[in-house]
Amino acid sequence: MEGALIAAAVLAAATVFGLVRRRRDGVLRERRQGARRGGGDMAETLGPDELGAALGERATLLQFSSAFCAPCRATRRTLGEVAGMVDGVVHVELDAEAHLDLVRRLNVVRTPTVLVLDGAGRVVRRAAGAPRKADVIAALGTAIP
Amino acid sequence: MQVDPRGQRFAAAVTTVVLIAVLVTGSWALLAAQAVVFAIATLFGLRYAPYGRVYAVLIRPRLAPPRELEDEAPPRFAQGVGLVFSLVGTAGYAAGIPWLGNGATALALAAAFLNAVFGFCLGCEMYLLVRRSTPGKRAGSARVGDY
């Protein structure tokens, strides 16, 4: 009897979690400055040294991936397509494991996590989970003046 | 190696039903059987995973070919996470510590259910969290093999 109650509670909690997660997954949002502990990532500026790759002239789509990540592949495809479509935009994919300092500093907890950087390397948008192509293009609209 | 993602969802659904049965009955033997299923998938690959075999033999022939295949590594890692929880749970029930059995089984159930219904791989996401909290500035990928 107790076990059945536990099972029911787990299923209910997981359903709520799954619905919330599905709605937020891949949504590129603007973070308010200082909204997160440590000042948040909106104040963050990333340069070519940290990324190990050149920034895009107008914007950079930075993707954190890991070895055990099914949606990372679809995200790679989406961001690669957008970078190929818009001039001055590059797609940079980093293995989260090989950049744990950066992962901690930016508070990346999931893969894929996508950061949209403007031409100066400032983080202007961020998504956890695979973003939709239309949303990435819309986010670029805010990153590119 | 690539796998049909629908097979993963099917296997997760069967796992969900089994784990609910474990919670209702408190049977350590049933949870141990599920641990064996996890172990086969983790050690030998999803190609040999029992629920995946059922899917391949009974269900896939009736469906259209998958739109897209998926890399095997993430779900296989998640099966390993499931193995750990089911072993802890089995030990809990067998040793007469029901909260341990129930707790471990409940966590495994949540992960299996999220995978079956929403396609989320909770076990996969634990990977980065575990790596993040592991101290060390420049940890290479050597530890990947440990899992």
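Presented here is a report on the structure given in the accompanying data block. Quantities reported herein were computed from a predicted structural model and do not represent experimental measurements. (Residues numbered from 1 in each chain as written. Chains lettered and ligands numbered in written order. Predicted model: local features only at pLDDT ≥ 70, side-chain atom pairs only at ≥ 80, totals over all residues. Heavy atoms only, no water.)

Our focus in this paragraph is the overall build of chain B. Within chain B one finds six helices and two strands. For chain B, the α and β elements follow one another from N to C terminus as β-α-α-α-β-α-α-α. A compact globule built from 147 residues would reach a C-alpha radius of gyration of about 15 Å, and chain B, at 16 Å, matches this within 12%. Across its three principal axes, chain B shows a C-alpha extent of roughly 45 × 45 × 25 Å. Residues classed as buried in chain B amount to 44% of the 147 residues present. Look at the contacts in chain B between residues 6 or more apart in sequence, and 71% of them connect residues 24 or more apart. (Helix = DSSP H or I, 4+ residues; strand = E, 2+ residues; numbered from the N terminus. Rg over C-alpha atoms; globule rule 2.2 N^0.38 Å. Buried < 20%, exposed > 50% of the residue type's maximum accessible area, 1.4 Å probe, protein only. Contact = heavy atoms within 4.5 Å.)

This part takes up helix H1 (residues 2-24) of chain A. With 23 residues, H1(A) ought to run about 33 Å at 1.5 Å a step, and its terminal C-alpha atoms sit 33 Å apart, in line with that. Every buried residue belonging to H1(A) is among A:Gly3, A:Ala7, A:Val10, A:Ala14, A:Gly18 and A:Arg21, and all of these are buried. Buried-residue contacts for H1(A) involve helix H1 (5-25), helix H5 (98-118) and helix H6 (122-133) of chain B. Two residues or fewer past H1(A), A:Gly26 is found with a positive phi of approximately 75°. (Expected span 1.5 Å × (residues − 1).)

The next point concerns the layout of surface pockets. Reported here for the largest pocket is a volume of approximately 1200 Å³. Together, 41 residues line the largest pocket, and A:Ala70, A:Pro71, B:Pro5, B:Glu70 and B:Gly119 are the ones closest to its centre. For the lining of the largest pocket, the elements supplying multiple residues, two or more each, are helix H3 (71-85) of chain A together with H1, strand S2 (70-71), helix H4 (73-94), H5 and H6 of chain B. Among the elements that line the lining of the largest pocket, the one with the most residues is H3(A), at five residues. Grouping the constituent residues of the lining of the largest pocket by class yields 19 nonpolar, seven polar and 15 charged. (1 Å grid on protein atoms, 1.4 Å probe; cavity = no way out; pocket = protein on both sides within 12 Å on 5 of 7 lines; lining within 4 Å. Points joined across faces, edges and corners; volume = space filled by probe spheres on them. Nonpolar A, V, L, I, M, F, W, Y, C, P; charged D, E, K, R; others polar.)

Before going further, it helps to spend a moment on the pairing of strand S3 (residues 113-118) of chain A. All names here are of chain A. Buried residues dominate S3, accounting for six of its six residues. Relative to strand S4 (residues 123-128), S3 runs antiparallel, the two sharing five bridges. What sits directly across from Thr 113, in S4, is Ala 128. (Pairing = 2+ DSSP bridges.)

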